[in-house]
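Structural overview
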Amino acid sequence: YYGVRFEAYVAASLVRNKISFKKSEAPDFLIRGDSLGIECTSVRIRSLPNKSDYGYKILSVVKKKVGSRSHKPETALLIDVTNIAYNSSALDTGYLRRTATDAIQTCSFGAIVLFVYMFNHGLQRIEANYIRVDSSHIPSSLNELLNQLCPFEGHEVSSHSIPHEG
């Protein structure tokens, strides 16, 4: 159920950016024929005993995806981490980036992108913000696609609230 919502968000983003795609299972989206892929997943937890130690959940989902047909350099792994961000004491983007950087070293995905849904108080809207980490072996075609969908340059959110679920 949660994964379906995240996949719907990714599909809508592809449509908004006028990127043709085909829905599949592994990876979830095929782009440019079947040369590029996007694999979606989410990480959830009921509560965190140690409010800052949630990186193991991200590393665990990456490890699980390593065994899938989508595990290749031409695929980006997009992970909804809203629930663990909600359950942590504070949104630590540095910790999330370090965790994604550690994770990309353990796999062959071209990139890992962590998404957090939040209410942006300044703009009075719900939006998905992300942290993108590319592998050293990201194909240029996947880099171009991600630059369109999730560019490194973005906007800062100074005041926000994170919902329980993405």
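Worth saying up front: this structure is predicted, and the values here are computed from it rather than measured.

**Some remarks on the packing of helix 2 (residues 55-66) against helix 4 (residues 93-104)**
Relative to each other, helix 2 and helix 4 sit at 30 degrees, their axes nearing to 10 Å. The angle between helix 2 and helix 4 falls in the class roughly parallel. Classified by chirality, the crossing of helix 4 by helix 2 is right-handed. Where helix 2 approaches helix 4, its residues Gly55, Ile58, Leu59 and Val62 are matched on the opposing element by Tyr95, Leu96, Thr99, Asp102 and Ala103. Classifying every residue of the contact of helix 2 with helix 4 gives six nonpolar, two polar and one charged.

**Quick notes on the side chain of Arg132**
By the element assignment, Arg132 lies in strand 6 (residues 125-134). For Arg132, a relative accessible area of 2% gives the class buried. Among the polar contacts made by the side chain of Arg132, one reaches the side chain of Asp134 at a distance of 2.8 Å. One polar contact links Arg132 to Asn143, side chain to side chain, over a distance of 2.7 Å. Setting aside its immediate chain neighbours within four residues, Arg132 contacts Arg97, Ile112, Val113, Asn143, Leu146, Asn147, Cys150, Pro151 and Phe152.

**Looking at unusual backbone geometry**
Cis peptide bonds are those with omega within 30 degrees of zero, and the linkage from Ala26 to Pro27 qualifies with 5 degrees. In this structure, Lys18 takes a positive phi of about 55 degrees despite not being glycine. Among the secondary structure elements, Lys18 is positioned in the loop between helix 1 (2-16) and strand 1 (21-23). Among the residues examined, Lys18 registers a relative accessible area of 75% and is labelled exposed.

What counts, and where the lines are drawn
Residues numbered from 1 in each chain as written. Predicted model: local features only at pLDDT ≥ 70, side-chain atom pairs only at ≥ 80, totals over all residues. Heavy atoms only, no water. Axes fitted to C-alpha atoms, helices over the stretch in contact; angles between N-to-C directions. Helix = DSSP H or I, 4+ residues; strand = E, 2+ residues; numbered from the N terminus. Parallel < 35°, antiparallel > 145°, perpendicular 65-115°, else oblique. Left-handed = near helix turned anticlockwise from the far one by under 90°. Contact = heavy atoms within 4.5 Å. Nonpolar A, V, L, I, M, F, W, Y, C, P; charged D, E, K, R; others polar. Buried < 20%, exposed > 50% of the residue type's maximum accessible area, 1.4 Å probe, protein only. Polar contact = N/O pair within 3.5 Å; in protein donor to acceptor, adjacent residues only side chain to side chain.

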